[in-house]
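For reference, the chains in residue letters:
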Amino acid sequence: MTNLKVHTPDSADLEGDLASLRGDCARMVPHWAAPERAAARPVSPSLIHGVSVPPSSARLLDAMSEYGD
């Protein structure tokens, strides 16, 4: 079993707000490695197959208004 220890300073904001989240993210930046950005290539419609959408999802999307309405 893995023993995970979490260091929480006494002044930690356990409720969290945007400022504390941004601070946490800023402290974690040195630990993250961003992948090289790959250029997106178009996919031929003939290669897109086997996609199924449940009827309930299709109805939900059909009932949504267009962006900007």
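### With respect to the overall build of the chain
Logical step 1: In terms of regular secondary structure, the chain is built from two helices and zero strands.
Logical step 2: Per-residue burial over the chain gives 0% buried out of 69 residues.
Logical step 3: Accessible area for the chain stands at about 7500 Å²; split by element, carbon and sulfur atoms hold 58% of it.

### Some words on the environment of Ser 44
Logical step 1: Relative to the assigned elements, Ser 44 resides in the loop between helix 1 (18-28) and helix 2 (55-63).
Logical step 2: You can call Ser 44 partly exposed: its relative accessible area is 34%.
Logical step 3: Side-chain polar atoms of Ser 44 contact the side chain of Ser 46, separated by 2.9 Å.

### Here's the deal with the pattern of salt bridges
Logical step 1: What the rule picks out here adds up to one salt bridge.
Logical step 2: Salt-bridge contacts for Asp 24 lead to Arg 27; the nearest nitrogen and oxygen are separated by 2.4 Å. Of the two residues, Asp 24 and Arg 27 both sit in helix 1, three residues apart, roughly one turn of that helix.

### Overview of a nonpolar patch on the surface
Logical step 1: A cluster of nonpolar side chains, Val 43, Leu 47, Ile 48, Val 51 and Val 53, forms an exposed patch at the surface whose accessible area comes to about 520 Å².
Logical step 2: With respect to the secondary-structure elements, Val 53 resides in the loop between helix 1 and helix 2.
Logical step 3: Residue Val 53 is classed as exposed on the basis of its relative accessible area of 51%.

Quick notes on the rules
- Residues numbered from 1 in each chain as written.
- Predicted model: local features only at pLDDT ≥ 70, side-chain atom pairs only at ≥ 80, totals over all residues.
- Heavy atoms only, no water.
- Helix = DSSP H or I, 4+ residues; strand = E, 2+ residues; numbered from the N terminus.
- Buried < 20%, exposed > 50% of the residue type's maximum accessible area, 1.4 Å probe, protein only.
- Areas by Shrake-Rupley, 256 points an atom, 1.4 Å probe, with all protein chains shown as cover.
- Polar contact = N/O pair within 3.5 Å; in protein donor to acceptor, adjacent residues only side chain to side chain.
- Salt bridge = Lys/Arg side-chain N within 4 Å of Asp/Glu carboxyl O.
- Patch = residues over 30% accessible without salt bridge, like charges linked within 9 Å, V, L, I, M, F, W, Y side chains within 5 Å.

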